[in-house]
Amino acid sequence: MSAHPDPGFTTGQTILLGLRCRCPRCGVGGLFYKYLKVADACPSCHLGLQGHDSGDGAVVPAILLLGSLVVGLALVVELTFAPPLWLHMVIWAPVIIVLTCLILPPLKGLGIALQYKFRSTEEPPTPGGS
Ligand SMILES: [Zn+2]
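Residues numbered from 1 in each chain as written. Predicted model: local features only at pLDDT ≥ 70, side-chain atom pairs only at ≥ 80, totals over all residues. Heavy atoms only, no water.

**Q** Just checking my understanding: could you explain the overall build of the protein for this structure?
**A** Each helix and strand in the protein was counted, giving three helices and zero strands. Order of helices (α) and strands (β) in the protein, N terminus to C terminus: α-α-α. Counting only residues that meet the buried cut, the protein has 32% of its 130 residues in that class. Sequence-distant contacts, at least 24 apart, represent 54% of the contacts inside the protein between residues at least 6 apart. (Helix = DSSP H or I, 4+ residues; strand = E, 2+ residues; numbered from the N terminus. Buried < 20%, exposed > 50% of the residue type's maximum accessible area, 1.4 Å probe, protein only. Contact = heavy atoms within 4.5 Å.)

**Q** Help me understand the coordination of the zinc ion in this model?
**A** Octahedral metal centres with six donors ideally show angles of 90 or 180 degrees, and tetrahedral centres with four donors ideally show 109.5 degrees. The protein atoms that coordinate the zinc ion are C23 (SG), C26 (SG), C42 (SG) and C45 (SG), at distances of 2.2 to 2.3 Å. Considering all four donor atoms around the zinc ion, the spread of angles at the metal, 107 to 114°, places the coordination shape in the tetrahedral class. Positions of the donor residues of the zinc ion along the chain correspond to the pattern C-x2-C-x15-C-x2-C. Of this pair, C23 sits in the loop between α1 (11–19) and α2 (59–81) while C45 sits in the loop between α1 and α2; the two residues are 22 residues apart in sequence, bridging distant segments of the chain. Under the relative-accessibility criterion, C23 is labelled buried at 0%. (Donors = N, O, S within 2.8 Å, 3.2 Å for Na, K, Ca; no water. Tetrahedral: all angles 85-135°; square planar, octahedral: opposite > 155°, others 65-115°.)

**Q** Sorry, what's going on with a nonpolar patch on the surface here?
**A** There is a patch of nonpolar side chains on the surface, built from I15, L16 and L19 and spanning about 240 Å² of accessible area. Looking at where I15 falls in the secondary structure, it is placed in helix α1. For I15, a relative accessible area of 31% translates into the label partly exposed. (Patch = residues over 30% accessible without salt bridge, like charges linked within 9 Å, V, L, I, M, F, W, Y side chains within 5 Å. Areas by Shrake-Rupley, 256 points an atom, 1.4 Å probe, with all protein chains shown as cover. Salt bridge = Lys/Arg side-chain N within 4 Å of Asp/Glu carboxyl O.)

**Q** I keep staring at α2 and nothing clicks. Help me out?
**A** Think of an α-helix as 3.6 residues a turn; residues three or four steps apart then line up on the same face. Compared with an ideal rise of 1.5 Å per residue, which puts 23 residues at 33 Å, α2 spans 31 Å between its outermost C-alpha atoms and is within 8% of the ideal. Turning to α2, its buried residues number three or more, namely A62, L66, V70, A74 and V77. Of the surrounding elements, those touching the buried residues of α2 are α3 (85–118). Note on α2: the residue one or two positions beyond its end, A82, has a positive phi of about 50°. (Expected span 1.5 Å × (residues − 1).)

**Q** Please explain the environment of S44 as it appears in this structure.
**A** With respect to the secondary-structure elements, S44 resides in the loop between α1 and α2. Each C-alpha atom of the pair S44 and G30 lies 8.3 Å from the other, and the pair is 14 residues apart in sequence. With sequence-adjacent residues up to four places away left out, S44 is seen in contact with C26, V28 and G29.

**Q** How should I be thinking about unusual backbone geometry in this particular structure?
**A** A negative phi angle characterises most non-glycine residues, just as the trans form characterises most peptide bonds. Here the phi dihedral of H46 falls at roughly 65°; this positive angle occurs in a residue that is not glycine. Looking at the element boundaries, H46 is found in the loop between α1 and α2. A positive phi angle is found at A82, which is not glycine, with a value near 50°. Within the element layout of this structure, A82 appears in the loop between α2 and α3.

**Q** What is the right way to look at the packing of α1 against α3 in this model?
**A** The description of two helices packed together rests on the angle between their axes and the distance between the axes. Interhelical geometry of α1 versus α3 gives an angle of 145° and a closest axis separation of 6 Å. Every pair of crossing elements has a handedness; the one defined by α1 and α3 is right-handed. Between α1, through T11, T14, I15, G18 and L19, and α3, the contact on the second element is made entirely by P106, G109, L110, A113, L114, K117 and F118. Each residue belonging to the contact of α1 with α3 can be placed in one class, and the counts come to seven nonpolar, four polar and one charged. (Axes fitted to C-alpha atoms, helices over the stretch in contact; angles between N-to-C directions. Left-handed = near helix turned anticlockwise from the far one by under 90°. Nonpolar A, V, L, I, M, F, W, Y, C, P; charged D, E, K, R; others polar.)

Here's what the structure looks like:
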């Protein structure tokens, strides 16, 4: 039994709300008050968000996604143009930094939304998350 009212959103809608960094209960309020700082509560519906903080949970998918993307692009550039190594550093270091800054909030929002949808913060934490 859920400890919070059913938001009425489907799982797909909850995923989209998380990716847009919106409150998973009302879909209006923002999840963050700074770049990646989770707000204490939704500014719209006052849902407490502290217990839904996904912490560093967004980092692993970000590494996997961006690592695959950037390594693939670097291979294409290397095989097509064969630029010197220093040029790879000049190109890919800023690309990695910018893409990381862009992708982390949606991934963290997704983690928060899914935690809200599938796990009650009223339940004591258990190993394995079940
Ligand atoms: Zn809300």
